[in-house]
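Descriptive structure summary
For reference, the chains in residue letters:
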Amino acid sequence: MQPATPPNSMLDALATPVLQLDATGTICNANRAAGQWLAVGRRRLIGLPVSALERDSQRLASALEQATGDALRLRRLPMAFPGHEDLHFADLLLSPMVDAETAGYWLEAHPVDEFPGDDPARLLPSALAASLKGLAHELRNPLAGIKGAAQLLARRSEGDALELTELIETEVERLAALVDQLLSPAPPRAFEPLNIHAVLERVLRLAESDAGWATRLQRDYDPSLPEFHGDADRLSQALWNLVRNAIESGATNVQLRTRAEHHILIGDAPHRLALRIEIADDGRGVPEDLAERIFLPLVSGRAEGSGLGLALAQQIVREHGGSLSYRSRVGHTVFALLLPLPLDEMEDSNGASDTQGGNDD
């Protein structure tokens, strides 16, 4: 039979964050993964009531009070070290210690995505996608004919009539660009090393010229994030779509935020390190009637919108093996990108954390 309290070397070999609690629910041991996940040196966890890690609920405290000797599962709890703003979501497994000299518990944290539910874009049937492409193909020739006719009319028109023909040309060009996007998405290119903050600064320059003084643009970057391989142009396009949506929602403040996430699920795949990018705004939010369809092509909350911005952003994020999700209410909307970082970037990041004392033993 295994001992009730494994040595630290065994606990540190686990990728799952694990906390050892005494009978009162006070943390008396933590493995390295737990410190990495909560972004704190594990020595700072020792002696802390585990309920102090829970945010916005008392489910963990209640589970400890009502513990009966059986293992308990707690779904999607928001956790954070006291004083830290970053929330970490996890399914928790609370188990009593077996054959221990003193009473206590093991608490396993299985990190999950902050935003639950199925990916809305996966709900689009393939037959509908094929129909959209067929429709786009059929529209090409009539659009070309309408544009040619408008150009001929423009040569014979003046005054208000000329303005109307110019309007027709402008709208035809917009529709033609939309059709081109549907029929000819940009082909993938070889990934190259990139700095995500350089990408975000490029997006901010576009946003500053677009928003003017109406919107305050804020940065909240984690400077310790490593470079990773990706397509800087495609990521710029995805992020610009999100920032532009925030500006057009009437936001007065838009924040671009980056963080490292340890031990996270992206879809169904676990990753030991991921990059999290958030675009937060205080605008009108996502309309309730569009909440379940917001990532589908041709769905837009604005009459003049193409409905391709979010669908394209999600496609680009998927090209990088990541996920795009959101939460929204009036006055607070957050779109979050999660991009996995490979093993070499993970080791570099962990090495930097150890140097800074983030995972002290």
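As the structure is a computational prediction, the values presented were derived from the model and not from experiment.

1. Section: the overall build of the protein
Along the backbone of the protein there are 9 helices and 12 strands. Residues classed as buried in the protein amount to 44% of the 361 residues present. Here the analysis covers contacts within the protein between residues at least 6 apart in sequence; of these, 64% occur between residues at least 24 apart. Carbon and sulfur atoms make up 53% of the accessible area of the protein, which totals about 19,200 Å².

2. Some words on the packing of helix α6 (residues 196–211) against helix α7 (residues 232–248)
Between α6 and α7, the shortest axis-to-axis distance is 9 Å and the interhelical angle comes to 40°. By the criterion of interaxial angle, the relationship of α6 to α7 is oblique. Note on packing geometry: the crossing formed by α6 with α7 is right-handed. Contacts between α6 and α7 involve Ile-196, Val-199, Leu-200, Arg-202, Val-203, Leu-206, Ala-207, Asp-210 and Ala-211 from the first element and Ala-232, Asp-233, Leu-235, Ser-236, Leu-239, Trp-240, Val-243 and Ile-247 from the second. A breakdown of the residues in the contact of α6 with α7 according to their chemical character gives 13 nonpolar, 1 polar and 3 charged.

3. Quick word on the sheet that holds strand β3 (residues 72–79)
The antiparallel open sheet is built from 5 strands, whose spatial order is β2-β1-β5-β4-β3. Pairing within the sheet leaves two strands with one partner each, and these edge strands are β2 (27–30) and β3. Each adjacent strand pair in this sheet contributes to an overall mean axis angle of 30°, direction not counted. Pairing of β3 with strand β4 (residues 88–96) involves 6 bridges; the strand directions are antiparallel. Along β4, the bridge assignment pairs Arg-73 with Leu-93.

4. Brief notes about the environment of Leu-200
Its location among the elements puts Leu-200 in helix α6. Among the residues examined, Leu-200 registers a relative accessible area of 0% and is labelled buried. Other than its neighbours up to four places away in sequence, Leu-200 contacts Tyr-221, Leu-239, Leu-256, Thr-258 and Ile-277.

5. Quick word on the packing of aromatic side chains
Both the distance between ring centres and the angle between the ring planes are used here to describe each pair of aromatic rings. Evaluated as defined, the whole model comprises 1 aromatic pair. Judged by centre distance (5.2 Å) and plane angle (20°), the rings of Tyr-326 and Phe-335 are stacked. Each member of the pair, Tyr-326 as well as Phe-335, is classed as buried.

6. Points about the pattern of salt bridges
Going through the model one piece at a time under the given rule, you end up with 13 salt bridges. The residue Arg-259 makes a salt bridge to Asp-86 at a minimum N-O spacing of 3.3 Å. A residue pair is termed long-range when its members are at least 10 positions apart, and Arg-259 in strand β9 (residues 253–266) and Asp-86 in the loop between β3 and β4 qualify at 173 residues. On the basis of relative accessible area, Asp-86 is assigned to the partly exposed category, the value being 24%. The shortest N-O distance in the salt bridge between Arg-257 and Glu-278 comes to 3.4 Å. Placement of Arg-257 in strand β9 and of Glu-278 in strand β10 (residues 269–281) is noted, with a sequence separation of 21 residues between them. Relative accessible area serves as the criterion here: at 12%, Arg-257 is assigned to the buried category. Classification of Glu-278 by relative accessible area gives buried; the value is 12%. Linked through salt bridges whose partners overlap, the residues forming this network are Asp-86, Asp-220, Arg-257, Arg-259, Glu-261, Arg-276 and Glu-278.

7. Focus: the nonpolar core
The biggest cluster of nonpolar side chains holds 38 residues, and the ones touching the most others in it are Ile-196, Phe-228, Leu-239, Leu-242, Val-243, Leu-275 and Ile-277. Elements supplying a minimum of two residues to this core: α6, α7, β9, β10, α8 (309–319), β11 (323–329) and β12 (332–340). Those residues in contact with Leu-275, other than ones at most four positions away along the chain, are Ile-196, Leu-225, Phe-228, Arg-259, Leu-337, Leu-338, Leu-339 and Leu-341. If you look at the next biggest cluster of nonpolar residues, it comprises 25 residues, including Leu-21, Leu-48, Ala-63 and Ala-109.

8. Topic: the sheet that holds strand β7 (residues 216–220)
Taken together, 5 strands build an open sheet; the order of strands is β7-β9-β10-β12-β11 and the sheet is mixed. On the outer flanks of this sheet lie β7 and β11, each paired with one strand and no other. On average, each strand axis in the sheet is inclined to that of its neighbour by 20°, with strand direction left out of account. Bridging between β9 and β10 involves 12 bridges; their strand directions are antiparallel. In the sheet register, Arg-259 faces β10, and the bridge partner there is Arg-276. On top of the sheet, α7 reaches β9, β10, β11 and β12; it is set at about 40° to β10, its chief contact. Its contacts with the sheet place α8 against β11 and β12, and it is angled at close to 140° to β11.

9. A closer look at α6
With 16 residues, α6 extends 22 Å between its outermost C-alpha atoms, agreeing within 8% with the 22 Å of an ideal straight helix rising 1.5 Å per residue. For α6, the full list of buried residues reads Ile-196, His-197, Val-199, Leu-200, Val-203, Leu-204, Ala-207 and Ala-211. The buried side chains of α6 occupy one side of the element, clustering within an arc of 145° when seen end-on. Opposite the buried face of α6, by more than 90 degrees, sit the exposed residues Arg-205 and Ser-209. Looking at the buried residues of α6, the elements they touch are β6 (192–194), β7, β8 (228–230), α7, β9 and β10. One side-chain oxygen at the N-terminal end of α6 lies 2.7 Å from the backbone nitrogen of His-197; it belongs to Asn-195. Once α6 ends, the next one or two residues include Gly-212, with phi positive near 65°.

What counts, and at which threshold
Residues numbered from 1 in each chain as written. Predicted model: local features only at pLDDT ≥ 70, side-chain atom pairs only at ≥ 80, totals over all residues. Heavy atoms only, no water. Helix = DSSP H or I, 4+ residues; strand = E, 2+ residues; numbered from the N terminus. Buried < 20%, exposed > 50% of the residue type's maximum accessible area, 1.4 Å probe, protein only. Contact = heavy atoms within 4.5 Å. Areas by Shrake-Rupley, 256 points an atom, 1.4 Å probe, with all protein chains shown as cover. Axes fitted to C-alpha atoms, helices over the stretch in contact; angles between N-to-C directions. Parallel < 35°, antiparallel > 145°, perpendicular 65-115°, else oblique. Left-handed = near helix turned anticlockwise from the far one by under 90°. Nonpolar A, V, L, I, M, F, W, Y, C, P; charged D, E, K, R; others polar. Pairing = 2+ DSSP bridges. Phe/Tyr/Trp six-rings, centres within 6.5 Å; stacked < 30°, edge-to-face > 60°. Salt bridge = Lys/Arg side-chain N within 4 Å of Asp/Glu carboxyl O. Core = buried A, V, L, I, M, F, W, Y, C linked by side-chain atoms within 4.5 Å. Expected span 1.5 Å × (residues − 1). Arc of directions from axis to C-beta. Polar contact = N/O pair within 3.5 Å; in protein donor to acceptor, adjacent residues only side chain to side chain.

Purely spatial values, then, with no claim about function.
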